[in-house]
Amino acid sequence: MTSTSTQYVDVPGGRIAFDDSATGAGTATGTPVVLLPGMLDRRTAYRHLVPLLTAAGRRVITMDLRGLGESSTGFADHSPAAIAGDVLALLDHLGVERAVLVGNSYTGATVVRAAGDRPERVAGIVLIDAFIENLPPNAVQKALVRVLGAAVVRFPALWGAAQRLYFPTARPADFDEYRAGLVAMLREPGRRAAARGYVAGDSAPVGWSAAVRCPALVIMGSKDPDFPKPEVVADRQAAALKARKVMIDGGGHYPMAGFPQATADALVPFLDEVA
(Lines give C-alpha, C1' and ligand atoms only; values in the text may rest on other atoms or scores of the structure.)
Protein backbone atom coordinates (compact mmCIF):
# COMPACT_ATOMS: atom_id res chain seq x y z
CA MET A 1 0.00 0.00 0.00
CA THR A 2 1.65 3.24 -1.16
CA SER A 3 0.74 6.55 0.43
CA THR A 4 0.42 9.61 -1.78
CA SER A 5 1.99 11.68 1.00
CA THR A 6 5.02 9.48 1.58
CA GLN A 7 8.23 11.29 2.46
CA TYR A 8 11.69 9.87 3.00
CA VAL A 9 14.71 10.45 5.20
CA ASP A 10 18.15 9.06 4.42
CA VAL A 11 19.84 7.11 7.21
CA PRO A 12 23.02 5.01 7.22
CA GLY A 13 22.30 1.98 5.03
CA GLY A 14 19.17 3.19 3.26
CA ARG A 15 16.12 5.38 3.53
CA ILE A 16 13.10 5.42 5.80
CA ALA A 17 9.55 6.22 4.65
CA PHE A 18 7.25 8.34 6.78
CA ASP A 19 4.10 10.47 6.83
CA ASP A 20 3.72 13.76 8.70
CA SER A 21 0.25 15.15 9.37
CA ALA A 22 1.73 18.66 9.63
CA THR A 23 2.71 18.68 5.95
CA GLY A 24 0.73 21.42 4.29
CA ALA A 25 -1.43 21.93 7.38
CA GLY A 26 0.33 23.74 10.21
CA THR A 27 -2.69 23.56 12.55
CA ALA A 28 -1.40 21.03 15.09
CA THR A 29 -0.27 22.13 18.53
CA GLY A 30 1.68 20.60 21.35
CA THR A 31 4.42 18.00 21.27
CA PRO A 32 4.50 15.89 18.08
CA VAL A 33 3.89 12.16 18.42
CA VAL A 34 5.80 9.54 16.42
CA LEU A 35 4.05 6.18 15.87
CA LEU A 36 6.18 3.10 15.20
CA PRO A 37 4.66 -0.16 13.94
CA GLY A 38 5.65 -3.59 15.13
CA MET A 39 7.67 -6.35 13.52
CA LEU A 40 6.75 -7.22 9.90
CA ASP A 41 4.17 -4.43 9.82
CA ARG A 42 3.77 -1.06 8.12
CA ARG A 43 3.15 2.44 9.38
CA THR A 44 -0.46 2.07 8.20
CA ALA A 45 -1.00 -0.16 11.24
CA TYR A 46 -2.08 3.16 12.81
CA ARG A 47 -4.47 4.09 9.98
CA HIS A 48 -7.52 4.07 12.27
CA LEU A 49 -5.81 5.87 15.17
CA VAL A 50 -4.16 8.72 13.26
CA PRO A 51 -7.44 10.51 12.36
CA LEU A 52 -8.49 10.45 16.02
CA LEU A 53 -5.20 12.00 17.12
CA THR A 54 -5.16 14.65 14.41
CA ALA A 55 -8.78 15.51 15.26
CA ALA A 56 -7.54 16.11 18.80
CA GLY A 57 -5.08 18.66 17.38
CA ARG A 58 -1.95 16.53 17.43
CA ARG A 59 0.85 16.49 14.89
CA VAL A 60 1.26 12.80 14.06
CA ILE A 61 4.26 11.25 12.33
CA THR A 62 4.14 7.60 11.27
CA MET A 63 7.30 5.78 10.19
CA ASP A 64 7.99 2.55 8.34
CA LEU A 65 10.71 0.35 9.79
CA ARG A 66 13.92 -0.68 8.06
CA GLY A 67 13.26 -3.01 5.13
CA LEU A 68 9.46 -2.85 5.52
CA GLY A 69 6.56 -0.83 4.12
CA GLU A 70 7.94 1.79 1.75
CA SER A 71 11.37 1.94 3.42
CA SER A 72 14.30 0.56 1.43
CA THR A 73 15.75 -2.91 1.85
CA GLY A 74 19.36 -3.97 2.29
CA PHE A 75 19.90 -2.88 5.89
CA ALA A 76 22.35 -5.02 7.85
CA ASP A 77 20.89 -4.26 11.28
CA HIS A 78 17.18 -4.51 12.15
CA SER A 79 17.52 -4.33 15.93
CA PRO A 80 15.38 -2.10 18.17
CA ALA A 81 18.51 -0.05 18.90
CA ALA A 82 19.17 0.56 15.20
CA ILE A 83 15.57 1.67 14.70
CA ALA A 84 15.97 4.07 17.64
CA GLY A 85 18.73 5.74 15.63
CA ASP A 86 16.36 6.05 12.67
CA VAL A 87 13.74 7.74 14.86
CA LEU A 88 16.24 10.31 16.09
CA ALA A 89 17.44 10.91 12.52
CA LEU A 90 13.83 11.53 11.50
CA LEU A 91 13.39 14.07 14.30
CA ASP A 92 16.56 15.84 13.10
CA HIS A 93 15.30 15.79 9.51
CA LEU A 94 12.00 17.39 10.54
CA GLY A 95 13.56 19.88 12.94
CA VAL A 96 11.59 18.42 15.86
CA GLU A 97 13.38 19.05 19.14
CA ARG A 98 11.23 16.77 21.32
CA ALA A 99 8.54 14.22 20.61
CA VAL A 100 6.43 11.55 22.25
CA LEU A 101 7.43 8.14 20.88
CA VAL A 102 4.90 5.31 20.59
CA GLY A 103 6.08 1.76 19.94
CA ASN A 104 4.00 -1.32 19.27
CA SER A 105 5.23 -4.87 19.89
CA TYR A 106 8.87 -5.09 18.68
CA THR A 107 9.39 -1.32 18.76
CA GLY A 108 8.41 -0.96 22.41
CA ALA A 109 12.09 -1.65 23.02
CA THR A 110 12.97 1.00 20.42
CA VAL A 111 11.20 3.85 22.20
CA VAL A 112 12.65 2.77 25.54
CA ARG A 113 16.14 2.77 24.02
CA ALA A 114 15.67 6.20 22.41
CA ALA A 115 14.41 7.68 25.69
CA GLY A 116 17.37 6.26 27.57
CA ASP A 117 19.98 7.31 25.02
CA ARG A 118 18.66 10.79 24.20
CA PRO A 119 16.42 11.99 27.02
CA GLU A 120 16.55 15.58 25.81
CA ARG A 121 14.78 14.53 22.58
CA VAL A 122 12.04 12.37 24.08
CA ALA A 123 9.17 14.03 25.95
CA GLY A 124 7.43 10.75 26.76
CA ILE A 125 7.04 7.18 25.61
CA VAL A 126 4.06 4.87 25.06
CA LEU A 127 4.26 1.09 24.86
CA ILE A 128 1.41 -0.67 23.03
CA ASP A 129 1.49 -4.44 23.59
CA ALA A 130 5.27 -4.35 23.81
CA PHE A 131 7.63 -7.17 24.74
CA ILE A 132 10.16 -5.31 26.86
CA GLU A 133 10.10 -6.44 30.52
CA ASN A 134 8.31 -9.58 29.37
CA LEU A 135 8.23 -12.68 31.56
CA PRO A 136 11.41 -14.70 30.84
CA PRO A 137 10.63 -17.43 28.26
CA ASN A 138 11.44 -21.05 29.02
CA ALA A 139 13.37 -23.34 26.68
CA VAL A 140 10.23 -24.64 24.98
CA GLN A 141 8.94 -21.13 24.31
CA LYS A 142 12.29 -20.05 22.89
CA ALA A 143 12.38 -23.05 20.56
CA LEU A 144 8.80 -22.42 19.43
CA VAL A 145 9.57 -18.79 18.61
CA ARG A 146 12.57 -19.83 16.51
CA VAL A 147 10.58 -22.43 14.59
CA LEU A 148 7.60 -20.16 13.96
CA GLY A 149 9.84 -17.27 13.02
CA ALA A 150 11.70 -19.31 10.44
CA ALA A 151 8.39 -20.55 9.00
CA VAL A 152 7.02 -17.02 8.62
CA VAL A 153 10.19 -15.87 6.85
CA ARG A 154 9.91 -18.72 4.36
CA PHE A 155 6.13 -18.68 3.98
CA PRO A 156 4.75 -15.11 4.30
CA ALA A 157 1.17 -16.38 4.04
CA LEU A 158 1.59 -17.73 7.58
CA TRP A 159 1.97 -14.15 8.80
CA GLY A 160 -1.30 -13.25 7.15
CA ALA A 161 -2.99 -16.22 8.80
CA ALA A 162 -1.52 -15.27 12.19
CA GLN A 163 -3.27 -11.91 12.03
CA ARG A 164 -6.56 -13.67 12.80
CA LEU A 165 -5.10 -14.73 16.15
CA TYR A 166 -3.88 -11.21 16.90
CA PHE A 167 -7.42 -9.84 16.55
CA PRO A 168 -9.34 -12.26 18.79
CA THR A 169 -12.41 -10.03 19.11
CA ALA A 170 -12.89 -6.76 17.18
CA ARG A 171 -11.40 -6.51 13.69
CA PRO A 172 -11.37 -3.40 11.51
CA ALA A 173 -13.56 -3.39 8.41
CA ASP A 174 -10.48 -3.51 6.17
CA PHE A 175 -8.92 -6.42 8.06
CA ASP A 176 -8.76 -8.90 5.15
CA GLU A 177 -7.41 -6.29 2.74
CA TYR A 178 -4.77 -5.17 5.23
CA ARG A 179 -3.45 -8.62 6.06
CA ALA A 180 -3.31 -9.49 2.36
CA GLY A 181 -1.18 -6.38 1.93
CA LEU A 182 1.22 -7.54 4.62
CA VAL A 183 1.71 -10.85 2.84
CA ALA A 184 2.26 -9.09 -0.49
CA MET A 185 4.84 -6.79 1.11
CA LEU A 186 6.82 -9.70 2.56
CA ARG A 187 6.96 -11.29 -0.89
CA GLU A 188 8.61 -8.24 -2.46
CA PRO A 189 12.31 -8.47 -3.38
CA GLY A 190 14.58 -7.93 -0.41
CA ARG A 191 11.87 -8.26 2.23
CA ARG A 192 12.78 -11.82 3.22
CA ALA A 193 16.19 -10.70 4.46
CA ALA A 194 14.53 -7.95 6.49
CA ALA A 195 12.01 -10.41 7.94
CA ARG A 196 14.86 -12.70 8.94
CA GLY A 197 16.56 -9.79 10.68
CA TYR A 198 13.46 -8.97 12.72
CA VAL A 199 12.73 -12.57 13.65
CA ALA A 200 16.30 -12.90 14.95
CA GLY A 201 16.15 -9.59 16.85
CA ASP A 202 15.67 -9.21 20.59
CA SER A 203 12.39 -7.42 21.25
CA ALA A 204 12.65 -7.86 25.03
CA PRO A 205 16.12 -6.64 26.06
CA VAL A 206 16.96 -6.57 29.73
CA GLY A 207 18.00 -3.42 31.60
CA TRP A 208 17.03 -0.70 29.14
CA SER A 209 14.11 0.59 31.18
CA ALA A 210 16.41 1.68 34.01
CA ALA A 211 17.74 4.58 31.92
CA VAL A 212 14.31 6.08 31.19
CA ARG A 213 13.37 9.22 33.10
CA CYS A 214 10.54 10.64 31.00
CA PRO A 215 6.79 10.05 31.54
CA ALA A 216 5.57 6.71 30.23
CA LEU A 217 2.27 5.03 29.42
CA VAL A 218 1.67 1.30 29.01
CA ILE A 219 -1.28 0.19 26.84
CA MET A 220 -2.04 -3.53 26.63
CA GLY A 221 -4.83 -5.56 25.05
CA SER A 222 -6.41 -7.84 27.64
CA LYS A 223 -6.60 -10.71 25.14
CA ASP A 224 -3.23 -10.38 23.44
CA PRO A 225 -2.34 -13.97 22.42
CA ASP A 226 1.40 -13.23 22.53
CA PHE A 227 1.24 -13.14 26.32
CA PRO A 228 -0.22 -15.90 28.52
CA LYS A 229 -0.86 -13.18 31.11
CA PRO A 230 -1.04 -9.78 29.37
CA GLU A 231 -1.83 -7.79 32.51
CA VAL A 232 1.14 -9.29 34.36
CA VAL A 233 3.46 -8.11 31.58
CA ALA A 234 1.82 -4.68 31.59
CA ASP A 235 2.33 -4.47 35.34
CA ARG A 236 6.01 -5.33 34.95
CA GLN A 237 6.43 -2.63 32.32
CA ALA A 238 4.56 -0.05 34.39
CA ALA A 239 6.68 -0.82 37.45
CA ALA A 240 9.97 -0.65 35.54
CA LEU A 241 9.07 2.64 33.83
CA LYS A 242 7.05 4.17 36.69
CA ALA A 243 4.28 4.36 34.13
CA ARG A 244 0.52 4.49 34.07
CA LYS A 245 -1.14 1.31 32.76
CA VAL A 246 -4.28 1.09 30.63
CA MET A 247 -5.76 -2.29 29.68
CA ILE A 248 -7.90 -2.35 26.51
CA ASP A 249 -10.69 -4.78 27.34
CA GLY A 250 -10.93 -7.40 24.61
CA GLY A 251 -7.98 -5.97 22.72
CA GLY A 252 -5.49 -8.19 20.93
CA HIS A 253 -1.93 -7.41 19.86
CA TYR A 254 -2.92 -4.36 17.79
CA PRO A 255 -5.51 -2.40 19.80
CA MET A 256 -4.81 0.73 17.75
CA ALA A 257 -6.48 -1.07 14.82
CA GLY A 258 -9.02 -3.23 16.63
CA PHE A 259 -9.98 -0.66 19.29
CA PRO A 260 -8.80 2.71 17.93
CA GLN A 261 -11.18 4.84 20.01
CA ALA A 262 -10.24 3.12 23.27
CA THR A 263 -6.57 3.51 22.35
CA ALA A 264 -7.05 7.21 21.59
CA ASP A 265 -8.95 7.67 24.85
CA ALA A 266 -5.89 6.34 26.69
CA LEU A 267 -3.32 8.18 24.60
CA VAL A 268 -4.73 11.70 24.22
CA PRO A 269 -4.80 12.54 27.95
CA PHE A 270 -1.20 11.37 28.23
CA LEU A 271 -0.20 13.59 25.30
CA ASP A 272 -1.99 16.51 26.94
CA GLU A 273 -0.10 15.97 30.19
CA VAL A 274 3.26 15.70 28.43
CA ALA A 275 2.59 18.83 26.37
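See above for the structure.
Now for a look at the structure at hand. The model shown is predicted, which means the values in this text are computed figures rather than measured ones.

Now for the overall build of the protein chain. A count of helical and extended segments in the protein chain gives 10 helices and eight strands. In summary, the protein chain has a C-alpha radius of gyration of 17 Å against a globular reference of 19 Å for 275 residues, a match within 12%. Sequence separation of at least 24 residues holds for 76% of the intrachain contacts in the protein chain that already meet a minimum separation of 6. Here the protein chain displays about 11600 Å² of accessible surface, and carbon together with sulfur accounts for 55% of that area.

A few words now on the packing of aromatic side chains. Throughout the structure, instances matching the rule amount to six aromatic pairs. A ring pair is formed by Phe167 and Phe175, whose centres lie 5.2 Å apart and whose planes are at 65 degrees; its orientation type is edge-to-face. Comparing Phe167 with Phe175 shows no difference in burial state: the two are buried. Residue classification places Phe167 among the buried residues on the basis of a relative accessible area of 6%. Through a chain of ring-to-ring contacts, three or more aromatic side chains come together here, namely Trp159, Tyr166, Phe167, Phe175 and Tyr254.

As a further point, take the environment of Pro230. Tracing the chain through its elements places Pro230 in helix 8 (residues 230–241). For Pro230, a relative accessible area of 9% translates into the label buried. As a C-alpha pair, Pro230 and Gly190 span 40 residues in sequence and 34 Å in three-dimensional space.

Before going further, it helps to spend a moment on the environment of Val274. Mapped onto the secondary structure, Val274 falls in helix 10 (residues 260–274). Sequence separation between Val274 and Ala99 is 175 residues; the distance between their C-alpha atoms is 9.6 Å. Every residue in contact with Val274, bar those within four places of it in the chain, is listed here: Val100, Ala123, Gly124 and Pro215.

Here we come to unusual backbone geometry. Positive phi outside glycine occurs at Leu40, with the angle close to 60 degrees. Inspection of the secondary structure puts Leu40 in the loop between strand 3 (33–36) and helix 1 (50–55). Since its relative accessible area comes to 0%, Leu40 is described here as buried. With a phi angle near 65 degrees, Glu133 is a residue other than glycine that sits in the positive phi range.

Glancing now at empty space enclosed by the protein. A complete count under the given rule lists two cavities of 30 Å³ or more for this structure. Volume-wise, the largest cavity comes out at about 80 Å³. Asp41, Ala45, Arg47, Gln163, Phe167, Phe175, Tyr178, Arg179, Leu182, Tyr254, Met256 and Ala257 together form the lining of the largest cavity. For the lining of the largest cavity, the elements supplying multiple residues, two or more each, are helix 6 (175–186) and helix 9 (255–258). Residue contributions to the lining of the largest cavity peak at four residues, all from helix 6. Among the residues forming the lining of the largest cavity, the class breakdown is eight nonpolar, one polar and three charged.

Now for the packing of helix 2 (residues 80–94) against helix 3 (residues 108–117). At a closest axis distance of 8 Å, the pairing of helix 2 and helix 3 adopts a crossing angle of 60 degrees. For the element pair helix 2 / helix 3, the angle class is oblique. Helix-helix and strand crossings are classified by hand; for helix 2 and helix 3 the assignment is right-handed. Along its contact with helix 2, which presents Pro80, Ala81, Ile83, Ala84 and Val87, the element helix 3 presents Ala109, Thr110, Arg113 and Ala114. When grouped by side-chain class, the residues that make up the contact of helix 2 with helix 3 number seven nonpolar, one polar and one charged.

To continue, consider the pattern of salt bridges. All chains considered together, the criterion is met by 16 salt bridges. Residue Asp64 is joined to Arg43 by a salt bridge in which the shortest nitrogen-to-oxygen separation is 2.5 Å. On the criterion of sequence distance, the pair formed by Asp64 in the loop between strand 4 (60–63) and helix 2 and Arg43 in the loop between strand 3 and helix 1 is long-range, its members being 21 residues apart. Residues Arg244 and Glu273 are paired through a salt bridge, measuring 2.8 Å at the closest nitrogen-oxygen approach. Taken as a pair, Arg244 in strand 8 (residues 244–248) and Glu273 in helix 10 lie far apart in primary sequence, 29 residues in all.

Cut-offs used in this document
- Counting starts from 1 at the beginning of each chain's written sequence and moves along it residue by residue.
- Selection of residues for local features in this predicted model requires a pLDDT of at least 70, selection of side-chain atom pairs for listing and counting requires 80 or more, and totals for whole chains, interfaces and linings are taken over all residues.
- Water and hydrogen atoms were dropped before computing side-chain values, which therefore reflect all heavy atoms in the structure.
- The helix count covers DSSP runs of H or I at least four residues long, the strand count covers runs of E at least two residues long, and both are numbered beginning at the N terminus.
- The globule rule used for comparison is 2.2 Å times the number of residues to the exponent 0.38, while the radius of gyration itself is calculated over C-alpha atoms.
- Any two residues whose heavy atoms approach within 4.5 Å are treated as being in contact.
- Methods summary: accessible areas were calculated by the Shrake-Rupley approach with a probe of 1.4 Å, and residue burial reflects only the protein chains presented.
- Planes of paired rings set the category: under 30 degrees apart is stacked, over 60 is edge-to-face and the rest tilted, where pairs are Phe, Tyr or Trp rings (Trp by its six-membered ring) whose centres lie within 6.5 Å.
- Note on classification: 1.4 Å probe, protein chains only; a residue is buried when its accessible area is under 20% of the maximum for its type, exposed when over 50%, partly exposed between these limits.
- Using only the protein atoms, space was sampled on a 1 Å grid; points where a 1.4 Å probe fits but cannot get out form cavities, open sets with protein on both sides within 12 Å along at least five of seven lines form pockets, and lining residues are those with an atom within 4 Å of a point.
- Grid points are joined across faces, edges and corners, and a volume is the space filled by probe spheres set on the points.
- Note on residue categories: nonpolar means Ala, Val, Leu, Ile, Met, Phe, Trp, Tyr, Cys or Pro, charged means Asp, Glu, Lys or Arg, and polar means any other residue, Gly included.
- With axes taken as lines fitted to C-alpha atoms, and helix axes fitted only over the stretch in contact, angles between N-to-C directions fall between 0 and 180 degrees.
- What sets the label is the angle itself: under 35 degrees gives roughly parallel, over 145 gives roughly antiparallel, 65 to 115 gives roughly perpendicular, and the rest give oblique.
- Definitions for this section: a left-handed crossing has its near helix turned counterclockwise from the far helix by less than a right angle. A right-handed crossing has that turn clockwise.
- Here a salt bridge means any side-chain nitrogen of Lys or Arg lying within 4 Å of a carboxyl oxygen belonging to Asp or Glu.

By themselves, these are just geometric observations and shouldn't be taken as functional.
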